[in-house]
Amino acid sequence: MHDTALNAGWRNFLGQSPDWYKKTILAFLIINPLLFELSPAIAGWALVAEFIFTLAMALQCYPLQPGGLITLEAVLLGMTSAGTVADEVLAAFPVILLLVFMVAGIYFMRELLLFTFTRLLLGVRSKSLLALLFCAASAFLSAFLDALTVIAVVISVAVGFYSVYHKVASGKQHHDDHDHGDDQTVHDHHREDLERFRGLLRSLLMHAAVGSALGGVTTMVGEPQNLLIAAKMDWDFASFFWKMVPVTMPVLVVGLVTCLLLEKTGSFGYGDKLPSSVRTILEEFNENQRRQRTRRDVQRLIVQAIAAVFLIVALALHLAEIGLIGLTIIVFQTAFNGVTDEHQIGRAFQEALPFTALLVVFFGVVGVIHDQHLFVPLIEWVLHQPIETQPGVFYIANGVLSAISDNVFVATIYINEVLAAYQRGIITREHMDLLAVAINTGTNIPSVATPNGQAAFLFLLTSSIAPLIRLSYMRMVVMALPYTIVMSITGWLAIVYLLH
């Protein structure tokens, strides 16, 4: 009876995850208290590495459970406190509102998005041009909207494309119910094309994700830390944009050129083109939708288009918190499109809520970094560098820390230190402006290196599309690597030689 209960408990622990993975997480939970007794700093860095490991193994087990156990233990050990975690969550509450409501709002827009992007995918036959369009459009939208919102749109489109092809490849009709996560029903002659289609979607999603970083760094509304920096520096929209231009525009240009080169060379996992069988199925789906479209369906598209226009205008003018704008388009679309069933509405929230919970766990890790002062030695070293070299060093330091931590957290620490130095008369206003530009670009550009560097990347990694197209943590790192190298070096050169 004891063995049976033990075996049952072991099978239940982390569910279908491999035994080696379960043993690894248990080892972390056993080792951490010992490390904390030895050295809180070592234990803190170990916890950061362990959390990154759970993200890297996201296809083995969703990171919420193993990462949550590790973080809960940290709170119990005193590495951080529940109060610190709550403070981090409250500071990021607008992001949580965004995830809860904006992603659900995009869900109710999926018919319009699929209608629009199907025409784009079928109309543009050059894969290089298509990739450039995805990257450039994502950059433009992220400059005025929000990177997470833009990525939520692209994910919704990708899931739509994938489900259409997977259903037909499994021998079913467009109107049939289907589990597009099960490959067992896919016909053998479609399997090779399915893999190529996955490669195409992976590349388009990564181009869009990098595009969101290219555009998000340029304006004060592009990323959460941009607003923080603008407020501390007392910059308005135009001032922020022009202060960043010497760095952001060269990076944008080389980023878009890199996008084209990756597709032309087919390196780092890029270059897959749309298979002819997939194109045929999508064309048939598009024609079938056109023939069967009723007056009510057209009315639904019109309502979604109105919601989309309102969304863009409201976000660009920052009429309200992003999450509240998302709630507005939920109410509008469901009311005028007749979605009144509680269970239908509930499905819209399934995509974002697990990630929202994971993000709160991540703030627990940030709490450990804060309470154990893990970044303090590097921050103090940077602040003691010669004045003339500080902008370049700030850029590198912010980039490195943002790649392993939360870029909003890193930007908050550095901009507060710089502001304090200015108030004490250690640096001039002009030098503070240069350091603020270095902090903003440093937390936005090199952080594309890893999925935990930017919330939009982490959202993509943990979204429903990632396992479908086999987009793992390490695959994201590899696919982001050429962008990381080219954009980071360009940014640093611009900081050193163009920023005055």
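On a predicted model such as this, the values are computed, not experimentally measured, just so you know. (Residues numbered from 1 in each chain as written. Predicted model: local features only at pLDDT ≥ 70, side-chain atom pairs only at ≥ 80, totals over all residues. Heavy atoms only, no water.)

### Considering the overall build of the protein
Step number 1: Summing up its helical and strand segments, the protein has 24 helices and 0 strands in all.
Step number 2: Projected onto its principal axes, the C-alpha coordinates of the protein cover approximately 70 × 70 × 45 Å.
Step number 3: Counting over 500 residues, the protein shows a buried share of 54%.
Step number 4: Intrachain contacts of the protein at a sequence separation of at least 6 include 77% that bridge at least 24 residues.
Step number 5: Of the roughly 21500 Å² that the protein leaves accessible, carbon and sulfur atoms contribute 65%.
Step number 6: Side-chain charges in the protein split into 29 positive and 38 negative, and the spacing between the mean points of these groups amounts to 11 Å. (Helix = DSSP H or I, 4+ residues; strand = E, 2+ residues; numbered from the N terminus. Buried < 20%, exposed > 50% of the residue type's maximum accessible area, 1.4 Å probe, protein only. Contact = heavy atoms within 4.5 Å. Areas by Shrake-Rupley, 256 points an atom, 1.4 Å probe, with all protein chains shown as cover. Lys, Arg positive; Asp, Glu negative; His and termini not counted. Charge placed at Lys NZ, Arg CZ, Asp CG, Glu CD.)

### Some remarks on the nonpolar core
Step number 1: Trp235, Tyr414, Phe459, Leu460 and Ile465 are the most contacted members of the largest nonpolar core, which has 166 residues in total.
Step number 2: When residues of this core are assigned to their parent elements, the largest contribution, 15 residues, is made by helix α9 (residues 147–169).
Step number 3: Look past the residues within four positions of Tyr414 in its chain and what remains in contact with it is Leu378, Ile379, Val382, Phe394, Ala397, Asn398, Leu401 and Ile439. (Core = buried A, V, L, I, M, F, W, Y, C linked by side-chain atoms within 4.5 Å.)

### Here we look at the pattern of salt bridges
Any two side chains of opposite charge can pair, given that their charged atoms come close.
Step number 1: Tallied over the entire structure, the rule returns 8 salt bridges.
Step number 2: With a shortest N-O distance of 2.7 Å, Glu111 and Arg300 are connected by a salt bridge. Separated by 189 residues along the polypeptide, Glu111 in helix α7 (residues 110–123) and Arg300 in helix α14 (residues 295–316) bring together distant segments of the chain.
Step number 3: One salt bridge in this structure joins Glu287 and Arg291, with 3.9 Å as the shortest N-O distance. Taken together, the residues span about one helical turn, with Glu287 and Arg291 both in helix α13 (residues 276–292) at a distance of 4 residues. (Salt bridge = Lys/Arg side-chain N within 4 Å of Asp/Glu carboxyl O.)

### Brief notes about unusual backbone geometry
Step number 1: Within the chain, Leu14 stands out as a residue other than glycine whose phi angle is a positive 60°.
Step number 2: Phi at Asp234 is positive, roughly 60°, even though this residue is not glycine.
Step number 3: For Asp234, a relative accessible area of 69% gives the class exposed.

### Points about the confidence of the model for the protein
Step number 1: Of all residues in the protein, 97% have pLDDT values of 70 or greater, and the mean over the chain is 86.
Step number 2: Ranking the helices and strands of the protein by mean pLDDT puts helix α24 (residues 473–497) first, with 94, and helix α18 (residues 376–383) last, with 78. (pLDDT = per-residue confidence, 0-100.)

### Let's talk about the environment of Asp272
Step number 1: Of note, Asp272 is situated in the loop between α12 (237–265) and α13.
Step number 2: Judged by its relative accessible area of 26%, Asp272 is partly exposed.
Step number 3: Sequence spacing of Asp272 and Leu114 is 158 residues, and the spatial spacing of their C-alpha atoms is 21 Å.
Step number 4: For Asp272, the contacting residues outside a window of four places in its chain are Lys127, Arg196, Gly199 and Leu200.

### Here's the deal with the environment of Gln289
Step number 1: The residue Gln289 is located in helix α13 in this model.
Step number 2: Gln289 sits in the partly exposed class, given a relative accessible area of 32%.
Step number 3: In this structure the C-alpha to C-alpha distance between Gln289 and Ser472, which are 183 residues apart in sequence, comes to 33 Å.

### Quick notes on the packing of aromatic side chains
Step number 1: In total, this model carries 14 aromatic pairs according to the counting rule given.
Step number 2: Between Tyr21 and Phe53, the aromatic rings sit 5.9 Å apart at their centres with planes inclined by 20°, giving stacked as the arrangement. Placement of Tyr21 in helix α2 (residues 19–38) and of Phe53 in helix α3 (residues 40–56) is noted, with a sequence separation of 32 residues between them.
Step number 3: A relative accessible area of 22% means that Phe53 is categorised as partly exposed.
Step number 4: Ring geometry for Phe394 versus Tyr414: centroids 5.4 Å apart, planes at 70°, classification edge-to-face. A residue pair is termed long-range when its members are at least 10 positions apart, and Phe394 in helix α19 (residues 390–404) and Tyr414 in helix α20 (residues 407–423) qualify at 20 residues.
Step number 5: The class for Tyr414 is buried, based on a relative accessible area of 1%.
Step number 6: Among the aromatic residues, ring-to-ring pairing joins Trp20, Tyr21, Phe28 and Phe53 into one connected group.
Step number 7: Directly above the aromatic system of Trp10 lies the positively charged group of Lys22, at a separation of 5.5 Å from the ring centroid.
Step number 8: A cation over an aromatic ring shows up here: Arg110 above the ring of Tyr107, its NZ or CZ 4.1 Å from the ring centre. (Phe/Tyr/Trp six-rings, centres within 6.5 Å; stacked < 30°, edge-to-face > 60°. Lys NZ or Arg CZ within 6 Å of the ring centre and 35° of its normal.)

### Regarding the environment of Gln333
Step number 1: For Gln333, the location among the structural elements is in helix α15 (residues 322–336).
Step number 2: Here the alpha-carbon distance between Gln333 and Thr412, two residues 79 residues apart in the chain, equals 37 Å.
Step number 3: With sequence-adjacent residues up to four places away left out, Gln333 is seen in contact with Gly105, Phe108, Met109, Val303, Gln304 and Ala307.

### Some points on α15
Step number 1: The end-to-end C-alpha distance of α15, which contains 15 residues, comes to 21 Å, matching closely the 21 Å that a straight helix rising 1.5 Å per residue would cover.
Step number 2: Within the span of α15, buried status applies to Ile322, Gly323, Ile325, Gly326, Ile329, Ile330, Gln333 and Thr334. Down the axis of α15, the buried set is contained in an arc of 155°. They therefore lie on one face. Away from its buried face, by an angle of more than 90 degrees, α15 presents the exposed residues Val331, Ala335 and Phe336. (Expected span 1.5 Å × (residues − 1). Arc of directions from axis to C-beta.)

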